[in-house]
Amino acid sequence: KVNSTNYAHIAVDGTTVYATGPDGGMDIIDASVPSSPSLLGTFQYNDTYLHGVTVNNGFAYSIIGGSNTILCIVDVHDPQSPTLFTTLEDLPCERMVNMGDTIYDNSIAMHGTTVYYSCSGSFGIIDI
C-alpha cells in the first residue's frame, strides 16, 4: 500500500502503476523502486468508485457502472497532474449470452482503439 487506499484494480505502464478501488478515484504510483513505491498523483471523478483501469498512449480509461454506465478518460501524460479528458455516458451494455458465469464486477480492457467493458453483469464494446 502506498497510502490507506484499498485497491481493487490496477494497470501498469512501464514503472507506473494506475490503481483504482472502492475508496474512490485513481492513484498513480511510481514503482521504479519496488521496495519503496511512491504516490505521483491522484484523480477523482465526482467522488465515484472508478471500476477497473487500463492505460493506452497517455490516457487512462476507467468504467463507472450502475444505471448510467460511464467511460471516464483521463489524460495521464503528466502523472503528477492527471486531468479529465472526457467522459462517454450512457454506454450500451448488452446482456451476456451463452457466457456461463455472469460478470458482476465492472472491468475494462483495451486493444488498439477498442474498449471492452463489463458493467453490472453485462458486456459492451466501443471503438474510441
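Throughout this description, residue numbers start from 1 for each chain and increase along the sequence as written. Per-residue local features are limited, in this predicted model, to residues with pLDDT of at least 70; the limit for side-chain atom pairs, both in listing and counting, is 80 or more; totals at the level of whole chains, interfaces and linings are taken over all residues. Water and hydrogen atoms play no part in the side-chain values, which are based on all heavy atoms of the structure.

Focus on the overall build of the protein chain
No. 1: Within the protein chain, the secondary structure is distributed over 0 helices and 12 strands.
No. 2: Listing the helices and strands of the protein chain from first to last along the sequence gives β-β-β-β-β-β-β-β-β-β-β-β.
No. 3: Counting over 128 residues, the protein chain shows a buried share of 41%.
No. 4: Two residues form a contact once any of their heavy atoms are found within 4.5 Å. Long-range contacts, defined here as pairs at least 24 residues apart, represent 38% of the contacts in the protein chain between residues at least 6 apart.
No. 5: Total accessible area on the protein chain is roughly 6,900 Å²; 49% of this is exposed by carbon and sulfur atoms. In this text, helices come from DSSP runs of H or I with a minimum length of four residues, and strands from runs of E with a minimum of two, each type numbered from the N-terminal end. Each residue is placed in one exposure class: buried if its accessible area under a 1.4 Å probe, protein chains only, is under 20% of its type's maximum, exposed if it is over 50%, and partly exposed if it falls in between. For the accessible areas, the method is Shrake-Rupley and the probe is 1.4 Å, while residue cover comes only from the protein chains on display.

Observations regarding unusual backbone geometry
No. 1: Located in the positive-phi region is Asn 57, a residue other than glycine, with phi close to 50°.
No. 2: Tracing the backbone shows Asn 57 in the loop between strand S5 (51–56) and strand S6 (59–64).

Considering the sheet that holds strand S4 (residues 38–43)
Within a sheet, each strand pairs with its neighbour through backbone hydrogen bonds, oriented either parallel or antiparallel.
No. 1: Any two strands with at least two DSSP bridges between them are considered paired. Pairing in this open sheet of 4 strands is antiparallel, and the strands run S1-S2-S3-S4 from one edge to the other. In the strand order of this sheet, the two ends are held by strand S1 (9–13) and S4, each with one partner. For this sheet the average axis-to-axis angle between neighbouring strands, irrespective of direction, equals 20°.
No. 2: In terms of strand pairing, strand S2 (residues 16–20) meets strand S3 (residues 26–30) through 5 bridges, oriented antiparallel. Considered in S3, the bridge of Val 17 is made with Ile 29. What counts as an axis is a line fitted to C-alpha atoms, over the stretch in contact for a helix, and the angles between N-to-C directions run from 0 to 180 degrees.

Some remarks on the environment of Cys 72
No. 1: Counting through the fold element by element, Cys 72 comes out in strand S7 (residues 70–75).
No. 2: Residues Cys 72 and Tyr 45 lie 27 residues apart in sequence; the distance between their C-alpha atoms is 8.3 Å.
No. 3: When sequence neighbours within four positions are dropped, the list of residues in contact with Cys 72 reads Phe 43, Tyr 45, Leu 50, Ala 60, Tyr 61, Ser 62, Ile 64, Leu 84, Thr 86 and Thr 87.

Considering the pairing of S3
No. 1: Counting buried residues along S3, 4 of its 5 residues qualify, which places the element largely inside the surrounding structure.
No. 2: In textbook terms, the turn of a hairpin is the stretch between consecutive antiparallel strands, and for S2 and S3 this stretch comprises 5 residues, one of which, Gly 24, has a positive phi near 100°.
No. 3: Judged from the 5 bridges that link them, S3 and S4 form a sheet pairing that is antiparallel. Its bridge partner being in S4, Met 26 is matched across the sheet by Phe 43.

Observations concerning the sheet that holds S5
No. 1: With respect to topology, 4 strands assemble into an open sheet ordered S5-S6-S7-S8, the strand pairing being antiparallel. Each of the sheet's edge strands pairs with one partner strand only, and the pair in question is S5 and strand S8 (83–88). Strand-to-strand twist across the sheet, computed as the mean angle between neighbouring axes with direction ignored, equals 25°.
No. 2: The pairing of S6 with S7 spans 6 bridges and is antiparallel.

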